[in-house]
Amino acid sequence: MKYQLQPETAVLDDNGLTISAGWAVVYNVDAKGEFLQATYQYLPVGVGLPANAYLDAPKEVKDNQAIIHNGQQWTYPKDLRGTMIYSTETGAETTMQEVGEIPEGYTSLKPTSEFDSWDGEKWILDAEKQHQHDIDVATSQKKQLLSEANEQISYLQDAIDADIATDAEKTRFAALKKYRVLLNRINVNQAPNINYPEKPQLS
């Protein structure tokens, strides 16, 4: 033939070695076997394919699939990388990093509140968990208010004991002691339905 209009196509034997030099379309993968790209490769006689390359073409896939060669054939596992998933134990959010199904102990369903618990299929509001949170908040607030009241009562008690308290300080002292009694009577188990007593103001 006077003109060679097409490049020579490489021919490989059953052992994967080139018996007729030429060009071949090869399909390259990374170290984990995931498809990277198709390229043209010139193969001299007596050589095989470069590492991590295959002659057989993978098929087209959907956006939520990956193309992986397992050393024997192409596989097409689910690819959810970048998808937000949530721990069914804690509700903590994380991002899918690997090819494959959502790992056990996680779901793609987002909890609607920090008090949700996973029932095996969906998130449900854990009323007990929410109530315990309300109790913890009320306990902390009660302690803070009592600490502030105790500090002011202690100061005013010193003024009274030293017989230098003003009438306004004596009045505030009595009001603060009543306020402290009301604080101590608060039942935090009734949270969040708690009416805190009004703190006496400076006159």
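In this report, the structure presented in the accompanying data block is examined. Computed from a predicted model, the values in this text were never measured in an experiment.

**Topic: the side chain of histidine 69**
Along the chain, the position of histidine 69 falls in strand β6 (residues 68-69). Of note is the side chain of histidine 69, whose polar atom sits 3.0 Å from the backbone nitrogen of glycine 71. Residue contacts for histidine 69: discarding those within four places in its chain leaves Val29, Gly33, Tyr54, Asp56 and Trp74.

**A short note on the pairing of strand β8 (residues 84-87)**
Sheet analysis places β8 next to strand β9 (residues 93-95), joined by three bridges and oriented antiparallel. Residue isoleucine 85 lies in a different strand from β9, and its bridge partner there is threonine 94. The antiparallel hairpin formed by β8 and β9 contains five residues in its connecting segment, where glycine 91 sits at a positive phi of about 80°.

**So, the sheet that holds β9**
The strand order across the open sheet formed by three strands is β9-β8-β10, and the pairing between neighbours is antiparallel. With one partner strand each, in any of the chains shown, β9 and β10 (106-107) form the two edges of the open sheet. Examined bridge by bridge, β8 and β10 share two bridges and lie antiparallel to one another. What sits directly across from serine 87, in β10, is tyrosine 106.

Cut-offs applied
Residues numbered from 1 in each chain as written. Predicted model: local features only at pLDDT ≥ 70, side-chain atom pairs only at ≥ 80, totals over all residues. Heavy atoms only, no water. Helix = DSSP H or I, 4+ residues; strand = E, 2+ residues; numbered from the N terminus. Polar contact = N/O pair within 3.5 Å; in protein donor to acceptor, adjacent residues only side chain to side chain. Contact = heavy atoms within 4.5 Å. Pairing = 2+ DSSP bridges.

Purely geometric stuff here, so don't read any function into it on its own.
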